[in-house]
Amino acid sequence: MQKITKAVIPAAGLGTRFLPATKALPKEMLPIVDTPNIQYIVEEAVKAGIKDILIIISGSKEAIEDYFDVNAELEMRLKASKKDKQADEIRAITDMANIVYIRQKEPKGLGHAVLSAKPFIGNEPFAVLLGDDLITSDEKPAIGELIAAYYKTNGGTILGCKRVSKDVLHKYGVVKPVKDGTKGLFEINDFVEKPKDPSLAPSDVACLGRYVLPGCIFDYLEKTKAGVGGEIQLTDAIKASMETNPCYAKIFTGTRYDIGDKFGYVKAIIDFALKREDLGKEVKDYIKQLAKTL
C-alpha cells in the first residue's frame, strides 16, 4: 500500500461572506489572533507526516504564495533589531513543507478544484483539507486520524466526520452507514448532501472538511457532470466511486471550528486567545468583566 505523503488544500474561493475584508485579502489569510488560518491547516498536514502540499488558488490569492515564501529583507531587519526569535519564526513558516501552487482558472466547484491537482498527485492516494474547517487537537491531528484509517481499511476512501445536532444537518453532507451501531470508523454506502429536512438525513454524522482519497478518484471526477450551480461536486465523484472502492466515515477527535462562518470565526479567535500564555489571562478577565454587563 502506498504511503500518503501529499495533500491538497483548495483555497480558490472568493470568501464573499467576509466582504469587504476579502476584497483585498484572501479569506484563508484572515488571522486567528495573529496567525493566518491557512498556516494552521498546513501545520495539521505536516504533523500527520505530509511532505508535499498543493494549495489551489485563484488569480487574487498571491498573498498566500507570499506568506509561505522567504522574505529575506524582513528577516534581516528583525535580526538587525535583535528580534532573532521572530526572525526564526518567520523562517520556520517557509520550511514547514514543500508547498506548490496551481491556479483554478474558473470557479467550477470543489470537485473541479481537486481534479486540477491530478498532475501533482498522479495515481497516489492523498489527503484533502478544506480551509473553512479549522480543527484543533491535543493528540493526533485530524487528517492524521484519517490517514491511519486509510491504512486500516486497506485503501478505502475516508471521510472526516463529526456527529452534529439535527438543527444544523442541512449545512452538511450526511453519511448513511452500512450497519447500525456506528462508532469511530464505519463503512457507508451513501450520503445526502445538505438535507433540507432533518427527517431526510440518514444519520447525524456529517462530513466536515477532511478527506483521504485514492488516486482513482480522478477517473470519477473526469466523468462527473456539473450539478447544482453548474459546479462539479467532489461528493458526486465519491458516491460514484463506491461501486468499486469502499468508503468509510471516520469520526475524528478534536475541536472543529467553521471559520467560513462569521460566528465560527469569532469563536475560534476567542478560544485560541484564551489558550495563549501572553493573552489568556487578559482575555479571560475581559470576558468576565463583559459578562457582568450582558
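As a reminder, the structure under discussion sits directly above these lines.
This is a predicted model, so every value here is computed, not measured.

Let's shift gears to the packing of aromatic side chains. This structure, assessed with the given rule, holds 6 aromatic pairs. Geometrically, the ring pair formed by F126 and F218 is stacked, given 5.3 Å between the ring centres and 0 degrees between the ring planes. Separated by 92 residues along the polypeptide, F126 in strand β6 (residues 126-129) and F218 in helix α8 (residues 217-223) bring together distant segments of the chain. A relative accessible area of 0% places F126 in the buried class. Here F218 falls in the buried class, since its relative accessible area comes to 1%.

The subject of this paragraph is the pairing of strand β11 (residues 205-213). Among the 9 residues that make up β11, 9 are buried, leaving the element largely enclosed by the rest of the structure. Sheet topology note: the β6/β11 ladder contains 4 bridges and is antiparallel. Looking at the pairing, A127 lines up with V212 of β11. Pairing between strand β8 (residues 157-163) and β11: 5 bridges, direction antiparallel. Directly across from R163, in β11, lies its bridge partner V205.

Time to look at a nonpolar patch on the surface. Where nonpolar side chains cluster on the molecular surface, the patch consists of F263, V266, I270, L274, Y286, I287, L290 and L294 and spans about 780 Å² of accessible area. Mapped onto the fold, V266 is located in helix α10 (residues 262-275). According to the relative accessible area criterion, V266 is partly exposed, its value standing at 41%.

Right, let's get into the packing of helix α3 (residues 72-80) against helix α4 (residues 84-94). When two helices pack together, their arrangement is captured by the angle between the axes and the distance separating the axes. Viewed as axis vectors pointing N to C, α3 and α4 meet at an angle of 160 degrees, and their least axial separation amounts to 7 Å. Relative to α4, α3 is oriented roughly antiparallel. Crossing geometry of α3 relative to α4 is assigned as left-handed. Packed against α3, whose contacting residues are L74, E75, L78 and K79, the element α4 presents D84, Q86, A87, I90 and R91 at the interface. A breakdown of the residues in the contact of α3 with α4 according to their chemical character gives 4 nonpolar, 1 polar and 4 charged.

Conventions used here
Residues numbered from 1 in each chain as written. Predicted model: local features only at pLDDT ≥ 70, side-chain atom pairs only at ≥ 80, totals over all residues. Heavy atoms only, no water. Phe/Tyr/Trp six-rings, centres within 6.5 Å; stacked < 30°, edge-to-face > 60°. Helix = DSSP H or I, 4+ residues; strand = E, 2+ residues; numbered from the N terminus. Buried < 20%, exposed > 50% of the residue type's maximum accessible area, 1.4 Å probe, protein only. Pairing = 2+ DSSP bridges. Patch = residues over 30% accessible without salt bridge, like charges linked within 9 Å, V, L, I, M, F, W, Y side chains within 5 Å. Areas by Shrake-Rupley, 256 points an atom, 1.4 Å probe, with all protein chains shown as cover. Salt bridge = Lys/Arg side-chain N within 4 Å of Asp/Glu carboxyl O. Axes fitted to C-alpha atoms, helices over the stretch in contact; angles between N-to-C directions. Parallel < 35°, antiparallel > 145°, perpendicular 65-115°, else oblique. Left-handed = near helix turned anticlockwise from the far one by under 90°. Contact = heavy atoms within 4.5 Å. Nonpolar A, V, L, I, M, F, W, Y, C, P; charged D, E, K, R; others polar.

Note that all results are geometric; they support no functional claim without further evidence.
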